[in-house]
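Take a look at the letters that make up each chain.
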Amino acid sequence: MGKAPEEEHPVKAFGWAARDPSGVLSPFNFSRRITEDKDVRLKILYCGICHSDLHSVKNEWENSTYPILPGHEVVGVVTEVGSKVQKYKVGDRVGTYGGYSDHMVANERYVFRIPDNLPLDAAAPLLCAGITTYSPLKYFGLDKAGMKVGVVGLGGLGHVAVKFAKAFGAIVTVISTSPHKKKEAVEQLGADSFLVSSNPDEMQAAMGTLDGIIDTVSAAHALVPLLSLLKSHGKIIMVGAPEMPLELPVFPLIMGRKIIAGSGIGGMKETQEMIDFAGKHNIMPEIEVIPMDYVNTAMERLARGDVKYRFVLDVGNTLKAA
């Protein structure tokens, strides 16, 4: 009898996971599958923290299964490829979805190439915040030079929306409840104007001036004042995800044939397009790089909006095996 083939075992992995709705994360050992013919295995170097990670670890959307190992803004370097992989080789800088952990494996069709000019730590949030704002700007026709685009909320999503809209040639207005954010919106991010949404005089002066609005706010807020800012046929695209339903009177929609729509992330082709566009225009999220054992403090700060503008975990240098 010939020699039996060597048995293939899952690969040991480690990361940080939440075990219950308290949302507290701690070291967690688990296994990844073997590298199959069309798979790419990568060593994770950085992973962004998204507000949806916070919702997920606390089961605020009531769909979490524990233990939950969050993270979908993952970038790193290819360490192994399957025999039939054609797009990537060992050493390539790549991004994908999937976890606060040391490594991961995915079919090559679900892996993105990161341009050499984008630092990997700053590139990580593009895989969520980037595509979440780039996609609706493109889909709803707000990517044309001279379009007047509003961005509601200047956080992890909002600041990236400003950068993409400006790169498309739009005239950008940031709309915020925080007057102190005006300087950073205009001087740091390049917005053309700034509205304090609680200031009736400012809102009145801007009525009927915007072609579209990207609404990034994940807390309950009023939509009617935003609708008043739109021109006829204008649109508000919701990309934030408030826990509670928002009030939506119909009459402001009827007057002016206005639209409220929603947008999630984007497909594989569009996400790679977005990353390449970011590389061409040197678009990088503003980040705070943190060690892995700071993750619970980062979650607390994220919950109260204490970050400019996106946390990124330094997984490669600070994640230690349990």
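Residues numbered from 1 in each chain as written. Predicted model: local features only at pLDDT ≥ 70, side-chain atom pairs only at ≥ 80, totals over all residues. Heavy atoms only, no water.

- Where an unreviewed UniProt entry is consulted, the protein appears under the name Enoyl reductase (ER) domain-containing protein, with the organism given as Rhododendron griersonianum.
- Looking at the Cofactor (unreviewed entry) heading of the UniProt record, one finds this comment for the protein: "Zn(2+)". (UniProt positions renumbered as here; feature names shortened; annotations may be inferred.)

Some details on the sheet that holds strand β9 (residues 171–176)
Thought 1: The sheet built from six strands is open, its strands ordered β10-β9-β8-β11-β12-β13 with parallel pairing. Whereas interior strands pair on both sides, the edge strands pair on one side only; in this sheet they are β10 (193–196) and β13 (259–262). Shown here is a sheet whose adjacent strand axes are inclined to one another by a mean of 20°, direction ignored.
Thought 2: Alignment of β9 against β10, held across four bridges, turns out to be parallel. Residue Val174 lies in a different strand from β10, and its bridge partner there is Phe194.
Thought 3: Along the sheet, helix α4 (residues 158–167) makes contact with β8 (148–152), β9 and β11 (210–215), crossing β9 at roughly 165°. (Pairing = 2+ DSSP bridges. Helix = DSSP H or I, 4+ residues; strand = E, 2+ residues; numbered from the N terminus. Axes fitted to C-alpha atoms, helices over the stretch in contact; angles between N-to-C directions. Contact = heavy atoms within 4.5 Å.)

Digging into helix α9 (residues 268–281)
Thought 1: Taking 1.5 Å as the rise per residue, α9 with 14 residues should run 20 Å; its terminal C-alpha atoms sit 20 Å apart, in good agreement.
Thought 2: Residues of α9 that are buried: Thr271, Gln272, Met274, Ile275, Phe277, Ala278 and Gly279.
Thought 3: As for α9, its buried residues are in contact with β7 (112–113), α3 (129–139) and α4.
Thought 4: At the exit of α9 stands Asn282, carrying a positive phi of roughly 55°. (Expected span 1.5 Å × (residues − 1). Buried < 20%, exposed > 50% of the residue type's maximum accessible area, 1.4 Å probe, protein only.)

Digging into the pairing of strand β12 (residues 230–238)
Thought 1: Strand direction decides the pairing type here: β11 and β12, joined by five bridges, are parallel. By the bridge assignment for β12, Gly212 is matched with Lys235.
Thought 2: As paired elements, β12 and β13 share four bridges and run parallel to each other. Residue pairing in the sheet places Lys235 in a bridge with Ile259 of β13.

Things to note about α3
Thought 1: Of all eleven residues in α3, nine are buried, a share of seventy percent or more.
Thought 2: Within the sequence span of α3, burial applies to Ala129, Gly130, Ile131, Thr132, Thr133, Tyr134, Ser135, Pro136 and Leu137.
Thought 3: Those residues of α3 that are buried lie in contact with β8, α4, β11, β12, α9 and β15 (310–313).

Considerations on the pattern of salt bridges
Thought 1: By the definition in use, this model includes 16 salt bridges.
Thought 2: Asp211 is paired through a salt bridge with Lys231; the nearest N and O atoms lie 3.2 Å apart. Of this pair, Asp211 sits in strand β11 while Lys231 sits in strand β12, and the two are 20 residues apart along the sequence.
Thought 3: Between Arg301 and Asp306 there is a salt bridge, with its nearest N and O atoms 3.1 Å apart.
Thought 4: Owing to a relative accessible area of 12%, Arg301 belongs among the buried residues under this scheme.
Thought 5: Residues participating in the shared-partner salt-bridge network are Lys138, Asp143, Lys144 and Glu273. (Salt bridge = Lys/Arg side-chain N within 4 Å of Asp/Glu carboxyl O.)

Thoughts on the packing of α3 against α9
Thought 1: For the pair α3 and α9, the least separation of the axes is 10 Å and the interaxial angle reads 100°. Considering their axes alone, α3 and α9 lie roughly perpendicular with respect to each other. Contact residues: Gly130, Ile131, Tyr134, Ser135 and Lys138 in α3; Glu270, Thr271, Glu273, Met274 and Phe277 in α9.
Thought 2: Classifying every residue of the contact of α3 with α9 gives four nonpolar, three polar and three charged. (Parallel < 35°, antiparallel > 145°, perpendicular 65-115°, else oblique. Nonpolar A, V, L, I, M, F, W, Y, C, P; charged D, E, K, R; others polar.)

Points about the pairing of β8
Thought 1: Most of β8 is tucked away: four of the five residues are buried.
Thought 2: Sheet topology places β8 next to β9; five bridges connect them, and they run parallel. Bridge assignment links Lys148 to a residue of β9, and that residue is Ile171.
Thought 3: Between β8 and its parallel partner β9, the chain crosses via α4, and the hand of that crossover is right-handed.
Thought 4: Of the pairings in the sheet, the one linking β8 to β11 comprises four bridges and is parallel in character. Across the sheet, the residue bridging to Val151 is Ile214, located in β11. (Right-handed = clockwise from strand over helix to strand, strands pointing away.)

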